[in-house]
Amino acid sequence: KGRIVQAFQAKGRVVAMTGDGVNDAPALKAADIGVGMGITGTEVSKNASDMVLTDDNFATIVHAVKEGRRIYRNIKKAVQFLLSANLSEVITLFVGTMLGYMILTPVQILWVNLVTDTFPALALGLEPAPGDIMRRKPRDAKQSFFAQGMGANLVVFGAVLSALTLGAYFLGLYLYRDAKVATQ
C-alpha cells in the first residue's frame, strides 16, 4: 500500500489512503490525507491518520472534501474583501492626510469598519458551494494563499475604491463649497 501511495505521489497526484489495521499505518502516514476508520480501526491506524471517519462511511469523505473546499473558498473570498476594503481605507486616509484634509473622524472610521466589513464578510463566509466544486481539480497545497492573482486584485481593488472615495469627497467639497455646516 505504501508503494502505491508513493507511485501516485510521484505522478503529482494528491493521495488519500484509508485503512483500519496496524499494517496500514505507514501508508496512512505517507499519504497526503490518511483516513482512519473510527469504528473498526485500530488505535495505531487512527493515530497515524489525518482524519478519522467516526461512522466508517466512505460517503462522509466526499461530504468532508466538498465542505472543506467550500470553507476554503469562502475564507479566501472574505479575506480578499476585507483586505482590499481596509487597504482602500488606508490609502484614502493617507492621501487625504497628506493633502491636509480630515476625510474621516476616528468615530467614522470605526463605524465604516463595523458596517462595511462585518456583515458582508459574514455573508461571504456563509455562501453555499457552487454546483461544480467537486469537479474542480484539487488546489496545490504548496500554493500561496495569495496566488492566482489574488495579491494583485487586492491592490487594484483597494486603489480603485480609494480613488472613488477620494473623487466623491473632493466632488462634494467642490459642489458644496459654499454650504454652511451645522455644528453643535
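All values derive from a computational prediction rather than experimental measurement. (Residues numbered from 1 in each chain as written. Predicted model: local features only at pLDDT ≥ 70, side-chain atom pairs only at ≥ 80, totals over all residues. Heavy atoms only, no water.)

A. Region of the structure containing a nonpolar patch on the surface. Where nonpolar side chains cluster on the molecular surface, the patch consists of Val156, Phe157, Val160 and Leu164 and spans about 370 Å² of accessible area. Looking at the secondary structure, you find Phe157 in helix α6 (residues 150–175). In this structure Phe157 comes out as partly exposed when scored by relative accessible area, which is 41%. (Patch = residues over 30% accessible without salt bridge, like charges linked within 9 Å, V, L, I, M, F, W, Y side chains within 5 Å. Areas by Shrake-Rupley, 256 points an atom, 1.4 Å probe, with all protein chains shown as cover. Salt bridge = Lys/Arg side-chain N within 4 Å of Asp/Glu carboxyl O. Helix = DSSP H or I, 4+ residues; strand = E, 2+ residues; numbered from the N terminus. Buried < 20%, exposed > 50% of the residue type's maximum accessible area, 1.4 Å probe, protein only.)

B. Up close: the pattern of salt bridges. Across all of its chains, the model carries six salt bridges by this definition. For Lys46, the salt bridge goes to Glu43, with nearest N and O atoms at 3.5 Å. Taken together, the residues Lys46 and Glu43, both in helix α3 (residues 43–48) and three residues apart, mark about one turn of the helix. What makes Glu43 exposed here is its relative accessible area of 52%. The salt bridge partner of Glu127 is Arg73, with a shortest N-O separation of 3.7 Å. Here the residue Glu127 occupies a position in the loop between α5 (106–125) and α6, and Arg73 occupies one in helix α4 (residues 59–98), the gap between them amounting to 54 residues. With relative accessibility at 24%, the residue Glu127 sits in the partly exposed group.

C. Layout of the packing of aromatic side chains. Throughout the structure, instances matching the rule amount to five aromatic pairs. Centroid distance Tyr72 to Phe145: 5.9 Å. Interplanar angle 85°. Geometry classified as edge-to-face. Linking Tyr72 in helix α4 with Phe145 in the loop between α5 and α6, this pair joins segments that are 73 residues apart in sequence. Taking the relative accessible area as the measure of exposure, Tyr72 reaches 25% and is therefore partly exposed. The class for Phe145 is partly exposed, based on a relative accessible area of 23%. Look at Tyr101 and Tyr169: their rings are 6.0 Å apart centre to centre, the planes differ by 75°, and that puts the pair in the edge-to-face class. (Phe/Tyr/Trp six-rings, centres within 6.5 Å; stacked < 30°, edge-to-face > 60°.)

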